[in-house]
Amino acid sequence: MKMSKTTNQNRRPSFTSSTESSMRKRHGPPPSSSSAVKPISNTAVMVAKKRAPLGNITNQKKDSRIFPNSSSADSAHCPNKSAKLKLAAPTQPVCVNACETKSTCEEEVVPIERKAFSNLCITPSSDTTTNVMSETENKEDKFMNIDNKDDADPQLCATFACDIYNHLRAAEAKKQPAVDYMATVQKDVNSTMRGILVDWLVEVSEEYRLVPETLYLTVNYIDRYLSGNVISRQKLQLLGVACMMIAAKYEEVCAPQVEEFCYITDNTYLKDEVLDMESAVLNYLKFEMSAPTVKCFLRRFSRAAQGVHEAPCMQLECMASYIAELSLLEYTMLSHSPSLVAASAIFLAKYTLDPTRRPWNSTLRHYTQYEAMELRGCVMDLQRLCSNAHVSTLPAVRDKYSQHKYKFVAKKFCPSIIPPDFFKNSLSHKNQGLRRRMDSEHQTMETFLRWSAELGVSDSTDPSQSHDSCLGRTLSVADFPLAGGRGLGAVRELRKGELVLKVPRNALLTTESMVAKDQNLRDSVNLHRSLSSTQILSVCLLYEMSKGKCSFWYPYLVHLPRDYDLLATFGEFEKRALQVEDAVWAAEKAIAKSQSEWKEAVTLMKELDLKPKFQSLQAWNWASATISSRTLHIPWDSAGCLCPVGDLFNYDAPGDDSNTSGGPETVNNAEEAGHVVETQSERLTDGGFDGEANAYCLYARRNYQLGEQVLLCYGTYTNLELLEHYGFTLDENSNDKVFIPLETSLYALASSWPKDSLYIHQDGKPSFALVSTLRLWLIPQSQRDKSVMRLVYAGSQISVKNEILVMKWVSEKCRSVLKDLPTSILEDRVILQDIDKLQDPELRLEQREVEAFGSEVRAFLEANHLWDLINGEFCGKTKRIMSKWRLSVQWRLRNGTRTFGLSVYHQMLSVDGEAEDFSCDSSGGYKSIEMYKIRTSKYANASIDPCFPDKRIPGELQADTIHFFFFKYVSISEFNNAVYM
Ligand SMILES: C[S@@+](CC[C@H](N)C(=O)[O-])C[C@H]1O[C@@H](n2cnc3c(N)ncnc32)[C@H](O)[C@@H]1O
C-alpha cells in the first residue's frame, strides 16, 4: 500500500478547499426550505385542505367538485379547531404491544437485567468500535426476552402478548385487500391516484394530529373497499375521508366530526355524501373494522429491535415509522403482508442508522418469526422507496419525517447497497463453526484496538479523550463485502481533509523498530546488508511472527490476512488463465522474483534459527505479499512500514475530480498533452508521516456520510498493477491501461515516447502517444518531413486518408487480438458465473448445469481433482486457488472489454468517416472528428439512448458523444448487431 513520497505539508493544502459543490453534485441539492419544519397552525391546516390531491392525474377542471379551487376565505372556517386539536392528542397504543407468554418463549431465553438506554445509531461509544463482526454472529447476539412479566406497564400486556401476536399474524391474511384490484376491479382510478390520495391523507392526519393507527386503518379500509367496488375518480377522495372518519372513530379518543371531514375537502362533498359513503364502506366491510396493520407489528418489532432498554430509541422508531409510512403510498406494496413490511422496515431502519452492523439478530428473528432471507424482497422494495423519496412527487411522508419531532429521519442518507450477507441466516447450527471463528476474531479485534489505543493510536484529535479503543469517535472497523472486505467506516459525517487517524511512530512496524527490540535480530540483519530493504523487512516480519504471543506486535500480527491473491502467489493454472501475454509475463516475473529473493534471504533466516515453516517459500510469499499490499511509505526506509489500524483502509482510485483535490490527479490530462509519465512522487496520497507530530497521519480524502466506507488512495495503478501489488482489480478504474502488441518498427518509431505510453484507456480510447505514432507510422517514410512531424507532435491529424488508415488499422488490430484470445467476452462472463456457482456453498448445482460447464471450468476441475467434490465442501486450499483463478478471468474480461471498446470505436468512426467530407482542425486527437455525420440508418436504429428519447441519433455528433453513446447505452450484442450485421 505504498503511499506517496509527497510530504504531508505538500498535500495538505489541497484538502482544504471547499467541498460543498462536489457534495451537491453527488447528493443533489440540499432539501428546500419547504421540507423544513412546518408550524402547525390554521394556515398549515389550510395548506393541507387546499391541495387538489388528484388534480394532476384526473385533469379535472379547476371548479370540479372533488378538486375545489380553494380560496383564502376558507381559512376562517372551523372555529373549534384549536380546541379540538388539543383534545385529539395521540392515544397510547392499545393491544398492539403483543408480547409472548412463557410457554412459547422458553427456549434459549437468557435472563436479562434491565440496562441503561443506549442508542442504536452509531455513536462514538466503544460499543460501536468493533463492528467487524456482525451483530448476529457475535457473542452479543443473545436472545432477549422482551416480555418481562414483572413489567410495570400494563399496556404492554406481557402475559397475553404472545397470544395476541399470534392472533394478529393469523388474522392479517384475512383482512388484506386484493393485491391486483387496480387491474382486475378498477376502471377509472389507478395506483398513481391512490398514491396522491394517501399522500393527502397523511397530511390530513398530521394536521388533525390523528394517531398513526388511524392512518394505517384508513388505508386498509380504502384498499379493502376498492378490492370489491368500482369507484370513479371523482369519488376517490370521498372514499378517503369516509374511511378516515371510520378509522378515527375506531382509534381516536376524540375523533373529528363529519363536518370537519367535509371541511378538509374544501366542502367538496356534502355531509350526507360523506355519511352515505361511510355507511357503504361499513356495510361492505361487514363492520369488521379491526385489522392488523403494519403499525400493529411495528410497535412490537421495534421493541424487539431495541432489546430491553429502559427508554425507547426514538431514532429507530422514527426511522422505521417513516419507512413503513412510505410503503402506504405504494400500491405494489400490498403484495407484502403487514407483518413482513413491519419487519422489513425495522431491518432497513437499523441498517440505515448503522450500515456497519448486521441488522437482523436472534431476538428479531424470534419475535418477528421471519428469517433475514425472507425479508429480502420487501427490504429491497422499501429501500427503493426511501432512495426515491427525495424526488418523489408525493412529499407528505417525507416532509412529516423531516421535522425535528421525528428526528429528521427523512433526511438521513439511505445506503444504496445492502450487503447480501446481511440476508443470510447465519445462526443456523450449520454455521456454528463460522460463528465461533467470528466470535474469536471479534475478541481479538477488540484486544487489538485496545492495544493500539495504549500505544497512542487514535481517531480523535482530542487527546483528553481516553478510551479503551483507538476507534469509535471517527472510524469503526466494518465489513464491506463489495469493496475490499474488512475496512474502516465513518461513525459520523466526515469533512474532506479532516484528520481521521493518527498512528504514532512507536506503533509502526519497521525494520528499525523491530531490530530495536531484539539484539539478536539486529546483529544478524547487520551481517546481511546486501539484501534489499524489503527483503530485510520480510525476514523481520517472519521473525516477529515466529515469536507468537511473545511478540510485542502480536495483537496486530494476528489480524494480518492468512493468504493473499497477489500475482506472485499464482499457480500455473491461474497464471495461464490471464491469457494476455503481457499479463502472463508479469505473473511469471513476479513469481520468479519472489523465489529468487527468498533464496537470497534463506541464509539470514537460517542464522536467525527460524522454524522450518517460517523459512519456507510459502511463508516468504506471505511476508512479501503482506509488505507489498499493506506498507505505507516512510521517509527513512524504502521498504515502508506496517501501520497498525492505518492498514485497514481499503483502496480508492485517484481520478475522480469530485473526490480529489487538484494536482496529481491531472496525470491523465498531462499524458494526453504529451507530458507523459507520472512518477511515484506525483501519486495521490491521503496521508503521510508527519515529522512534527512524530506519527503517521491519515486524512479524509473527501466528505463522508455516516456509515460510508472511508477509503485511502494508495497510488495510481492499472488493474494489472493492482493485481500484482494488492491482489484485486477494479471494474471502474480510470487509470487502467490496455496494451495491444504492436509491430517492432512501430515501437522503434515511437522511441520518443516510453513504451508504456502506447495503450488504450479505461474508456476504450487510444492514448495520445499511440494515435500520434500510428499517424506517423502509416504514412510512407518518404513523406515524414518536418511539417508532418510538427503536426504529429502537436496532436493533429495529417490527412483524412491517413486518419482513416489509423482507425482501420487499430480496429483490425484489436479485433485480431480479441480473436486470438481463447475465450470471448461473453464466455468469460459465463465462466465467472460458473465460478460463483462453484464457490457458493449454499447452492446445489443440477446435473445439467455441471454438464454445461465450458472447457476452462472443466479443465480447472480436472486439474484440481474436483469433479467428485462439486456440491460438497471445498478445502481451504482449493477455495484459494479458485479465488485466484476468478481474479484472472475478471482481469482478462475487463481488459478484453476495453480492447473491444477501441475496436468498435474505430470501426464505427471509419465506416462513416470514409464517406464524409470533413476538415481537419488543430484541436488534435479524435476531437477533430467532431463533424462526422452519423447518417446511416443502421446506427440510428440501433440507438437506445435516454439522452435522445426519439431513439434517433441526431445528425451531427461530437466524437466524444458518439463514444459515450456507444459505450454507455448500447450493449455489446446490440452493437454487434448494428455494426457487424
Ligand atoms: C491495506 S489492506 C486493506 C484492509 C484489508 N481489507 C484487510 O482486511 O486487512 C489492502 C488489501 O485490501 C483489499 N482491498 C483494498 N481495497 C480494495 C478494493 N477497492 N477492492 C477489493 N479489495 C480491496 C486487498 O486485498 C488489498 O490487498
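Residue numbers restart at each chain and count upward from 1, following the sequence in its written direction. Reporting of local features is limited, given that this is a predicted model, to residues whose pLDDT is at least 70; pairs of side-chain atoms are given and counted only at 80 or more, and all residues count toward the totals for whole chains, interfaces and linings. Neither water nor hydrogens contribute to the side-chain values; these are computed over all heavy atoms in the structure.

Under an unreviewed UniProt entry, the name given to the protein chain is SET domain-containing protein, and the source organism is Brassica napus.

(A) Just the pairing of strand S1 (residues 475-480), in detail. The classification of residues rests on relative accessible area computed with a 1.4 Å probe and restricted to protein chains. Under 20% of the type maximum is buried, over 50% is exposed, and intermediate values are partly exposed. We count a stretch as a helix when DSSP gives it H or I for four or more residues in a row; a strand needs E for two or more, and each element gets its number in order from the N terminus. Burial runs high along S1: five of the six residues are buried. One ladder, built from six bridges, connects S1 with strand S2 (residues 485-490); its direction is antiparallel. By the bridge assignment, Val477 is partnered in S2 with Leu488. Hairpin geometry of S1 and S2 is characterised by an intervening segment of four residues between the two adjacent antiparallel strands and by a positive phi of about 105 degrees at Gly484. For two strands to count as paired, DSSP must find a minimum of two bridges between them.

(B) Region of the structure containing the side chain of Arg473. Looking at the element boundaries, Arg473 is found in the loop between helix H20 (432-454) and S1. By the criterion applied in these results, polar contacts are pairs of N or O atoms within 3.5 Å in which, for protein atoms, one can donate a hydrogen and the other can accept it, and in which residues neighboring in sequence qualify only through two side-chain atoms. Here Leu471 takes part through its backbone oxygen, which lies 3.2 Å from a polar atom of the side chain of Arg473.

(C) Spotlight on the environment of Lys755. Tracing the backbone through its elements, the reader meets Lys755 in the loop between helix H31 (744-749) and strand S11 (760-761). Along the sequence, Lys755 and Ala769 sit 14 residues apart, while their C-alpha atoms lie 9.3 Å from each other.

(D) Highlighting the site of the ligand. Definition of nearness: a residue and a molecule or strand are near each other if at least one heavy atom of the residue lies within 4 Å of the molecule or strand. Contacts to the ligand come from 14 residues, most closely from Arg486, Arg630, Asn650, Tyr651 and Tyr726. Arg486 places a polar main-chain atom, nitrogen or oxygen, 2.8 Å from a nitrogen atom of the ligand. One of the backbone nitrogen or oxygen atoms of Tyr651 is found 2.8 Å away from a nitrogen atom of the ligand. Here, Shrake-Rupley sampling with a 1.4 Å probe gives the accessible areas, and only protein chains in the shown set may cover a residue. Within the complex, 84% of the 560 Å² of free accessible area of the ligand lies under protein. Looking at the shell around the ligand, the elements with two or more residues in it are helix H28 (617-630) and strand S6 (650-651).

(E) Fine view of the packing of aromatic side chains. Two rings from Phe, Tyr or Trp (for Trp, the six-membered ring) form a pair when their centres are within 6.5 Å of each other. A pair whose planes differ by under 30 degrees is stacked, one over 60 is edge-to-face, and the rest are tilted. Scanning all chains against the criterion turns up 29 aromatic pairs. Measuring from centroid to centroid gives 4.9 Å for Phe347 and Phe423, while their planes differ by 5 degrees, and the two rings are stacked. On the criterion of sequence distance, the pair formed by Phe347 in helix H16 (residues 338-353) and Phe423 in the loop between helix H19 (396-400) and H20 is long-range, its members being 76 residues apart. When its relative accessible area of 0% is taken as the criterion, Phe423 is described as buried. For the pair Phe448 and Tyr556, a centre-to-centre distance of 6.0 Å together with 45 degrees between the ring planes defines the contact as tilted. Taken together, the residues Phe448 in helix H20 and Tyr556 in helix H24 (residues 554-557) connect sequence positions 108 residues apart. Summarising the burial analysis for this pair, Phe448 and Tyr556 share the class buried.

(F) Structural view of the pairing of strand S9 (residues 709-712). Going residue by residue along S9, you find Gln709 and Leu711 tucked away on one face and Val710 and Leu712 tucked away on the opposite face as well. Here two bridges tie S2 to S9, and the two strands are oriented antiparallel to one another. By the bridge assignment for S9, Leu488 is matched with Val710. Looking at chain direction, S6 and S9 are connected through two bridges and run parallel. Across the sheet, Asn650 pairs through a bridge with Leu711, a residue of S9.

(G) Fine view of the packing of helix H10 (residues 212-226) against helix H14 (residues 294-306). Axis definition: a line fit to C-alpha positions, over the contact stretch in the case of helices; interaxial angles, taken between N-to-C directions, run 0 to 180 degrees. It is at 8 Å that the axes of H10 and H14 come closest, and there the two elements cross at 140 degrees. Of the possible angle classes, the one that applies to H10 and H14 is oblique. Mapping the contact onto sequence places Pro212, Glu213 and Tyr216 in H10 and Val294, Lys295 and Arg299 in H14. In terms of residue class, the contact of H10 with H14 is built from three nonpolar, no polar and three charged. With respect to orientation, any angle under 35 degrees is reported as roughly parallel, any angle over 145 as roughly antiparallel, any angle of 65 to 115 as roughly perpendicular, and every other angle as oblique. The contact criterion used throughout is that any non-hydrogen atoms of two residues lie within 4.5 Å. Only Asp, Glu, Lys and Arg are considered charged, only Ala, Val, Leu, Ile, Met, Phe, Trp, Tyr, Cys and Pro nonpolar, and every remaining residue, Gly among them, polar.

(H) Representation of the nonpolar core within the structure. The set of buried Ala, Val, Leu, Ile, Met, Phe, Trp, Tyr and Cys residues whose side-chain atoms join them within 4.5 Å is what this entry labels a nonpolar core. Ranked by internal contacts, the top residues of the largest apolar core, which has 104 residues, are Leu239, Tyr322, Ile323 and Phe347. Broken down by element, the residue count for this core peaks at eleven residues, all from H16. Ile323 has contacts with Ala345, Leu348, Ala349, Leu382 and Cys386, leaving out every residue within four places of it along the chain. Ala490, Val503, Leu537 and Ala653 belong to the second-largest nonpolar core, a separate cluster that totals 73 residues.

(I) Spatial organisation of the pattern of salt bridges. By definition here, a salt bridge exists when the distance from a side-chain nitrogen of Lys or Arg to a carboxyl oxygen of Asp or Glu is within 4 Å. If you walk through the whole model with that rule in mind, you get 33 salt bridges. The salt bridge partner of Glu743 is Lys813, with a shortest N-O separation of 3.5 Å. On the criterion of sequence distance, the pair formed by Glu743 in the loop between strand S10 (737-738) and H31 and Lys813 in helix H34 (residues 800-820) is long-range, its members being 70 residues apart. On the accessibility criterion, Glu743 (28% relative accessible area) is partly exposed. Beyond isolated ion pairs, a larger network of salt bridges with shared partners links Glu572, Lys575, Arg576 and Glu588.

(J) View of the side chain of Asp518. Locating Asp518 in the fold gives a position in the loop between helix H21 (511-516) and helix H22 (519-526). Setting aside residues up to four positions removed in sequence, Asp518 forms contacts with Tyr543 and Lys547.

(K) Representation of the sheet that holds strand S8 (residues 695-699) in the model. Across the sheet, three strands lie side by side as S3-S8-S7; this open sheet has antiparallel pairing. The open sheet has two edge strands with one neighbour each: strand S3 (499-504) and strand S7 (687-690). Mean inter-strand twist for the sheet, computed between neighbouring axes without regard to direction, equals 20 degrees.

(L) Geometry of the sheet that holds S1. Within the open sheet, the four strands sit side by side as S1-S2-S9-S6. Their pairing is mixed. At either margin of the open sheet sits one strand with a lone partner, and together these are S1 and S6.

(M) Inspection of H16 at higher detail. What a helix should span is 1.5 Å times the count of its residues minus one. Spanning 16 residues, H16 covers 22 Å between terminal C-alpha atoms, matching the ideal 22 Å at 1.5 Å per step. Within H16, 16 of the 16 residues are buried, which leaves the element mostly enclosed by the surrounding structure.

(N) Fine view of the confidence of the model for the protein chain. In predicted models, pLDDT denotes the confidence assigned by the predictor to each residue on a 0 to 100 scale. Chain-level statistics for the protein chain give a pLDDT mean of 74 and a share of 70% at 70 or above. Low pLDDT, under 50, characterises residues 3-139; the stretch is placed with 311 contacts to residues that sit more than four places away or in other chains. Contacts of residues 909-981 to residues separated by more than four positions or lying in other chains number 127 contacts, the stretch itself having pLDDT below 50. Note on the complex model: pTM 0.57, ipTM 1.00.

(O) Seen up close, unusual backbone geometry. Here Phe287, not a glycine, exhibits a phi torsion of approximately 60 degrees, which is positive. Looking at where Phe287 falls in the secondary structure, it is placed in the loop between helix H13 (271-284) and H14. Taking the relative accessible area as the measure of exposure, Phe287 reaches 55% and is therefore exposed. A positive phi angle, close to 70 degrees, is found at Val645, a residue other than glycine. Take Val645: it is sitting in the loop between strand S5 (637-642) and S6.

(P) Geometry of the packing of helix H23 (residues 533-546) against H28. Direction vectors running N to C along H23 and H28 enclose 115 degrees, while the axes themselves pass 9 Å from each other. Put simply, H23 runs roughly perpendicular to H28. Two packed elements cross with a definite hand, and for H23 against H28 that hand is right-handed. When H23 is examined against H28, the residues Thr534, Gln535, Leu537, Ser538, Val539, Leu541, Leu542 and Met545 are found in contact with a partner set consisting of Ala619, Trp620, Trp622, Ala623, Ser624, Thr626 and Ile627. Broken down by class, the residue content of the contact of H23 with H28 amounts to ten nonpolar, five polar and no charged. Should the near helix be turned anticlockwise from the far one by less than a right angle, the crossing is left-handed, and should it be turned clockwise, the crossing is right-handed.

(Q) Helix H26 (residues 581-607), seen in detail. With 27 residues, H26 extends 40 Å between its outermost C-alpha atoms, agreeing within 8% with the 39 Å of an ideal straight helix rising 1.5 Å per residue. Two axes enter the bend calculation: one fitted to the seven residues ending at the residue in question, the other to the seven starting there, and the bend is the angle between them. Its axis deflected by about 40 degrees at Ala601, H26 carries its strongest bend there. Where H26 is concerned, the buried positions are Ala583, Val584, Ala586, Ala587, Ala590, Ile591, Ser594, Glu597, Ala601, Val602, Leu604 and Met605. The positive-phi residue at the C-terminal boundary of H26 is Asp609, with phi of around 60 degrees.

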